[in-house]
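# Close look at the chain arrangement
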Amino acid sequence: MILLYPLAFVGVSAAWLAYLWKGRSMKSVPPSVTAALEALTVCYILGLAIISVAPWYDDNGAPEFISWRYRWGWAAELAGWLAIPVLPAALFLTSRRSRQTKS
């Protein structure tokens, strides 16, 4: 699960930059790609906030403190788990919004 978030973020960022490069404008990027990039960014920020609020974990009955240099990796792990429900929800809401504006 720790690789889910970085791979998804790199893939969506590459797609966003490719659309931006090809169209030479921010308007050329599809709303779904922008929504996915924003959702993944929000997932990471939430993961980092969760780890920063409670930087302790249970290691075989002994509480262990997570130092700042390891919190970035733990936040990526949490962001991967958060991306599972957040990313489809963001894409669904984006497609729903685009259908309402076309009608």
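In this text, all values refer to a predicted model and were calculated from it rather than measured experimentally.

### Things to note about the pairing of strand E2 (residues 62–65)
The sheet contact formed by strand E1 (residues 56–59) and E2 spans 4 bridges and is antiparallel. Paired with Asp58 across the bridge in E2 is Pro63. Between the antiparallel neighbours E1 and E2 lie 2 residues, among them Asn60 with a positive phi of about 55 degrees.

### Considerations on the packing of helix H1 (residues 4–23) against helix H2 (residues 31–53)
The N-to-C vectors of H1 and H2 enclose an angle of 145 degrees; their axes lie 9 Å apart at closest approach. Here H1 and H2 pass one another in a crossing that is left-handed. For the pair formed by H1 and H2, the contact residues are Tyr5, Ala8, Phe9, Val12, Ser13, Ala15, Trp16 and Tyr19 on the first element and Val33, Thr34, Ala36, Leu37, Leu40, Thr41 and Tyr44 on the second. Grouping the constituent residues of the contact of H1 with H2 by class yields 12 nonpolar, 3 polar and no charged.

Rules used in this analysis
- Residues numbered from 1 in each chain as written.
- Predicted model: local features only at pLDDT ≥ 70, side-chain atom pairs only at ≥ 80, totals over all residues.
- Heavy atoms only, no water.
- Pairing = 2+ DSSP bridges.
- Helix = DSSP H or I, 4+ residues; strand = E, 2+ residues; numbered from the N terminus.
- Axes fitted to C-alpha atoms, helices over the stretch in contact; angles between N-to-C directions.
- Left-handed = near helix turned anticlockwise from the far one by under 90°.
- Contact = heavy atoms within 4.5 Å.
- Nonpolar A, V, L, I, M, F, W, Y, C, P; charged D, E, K, R; others polar.

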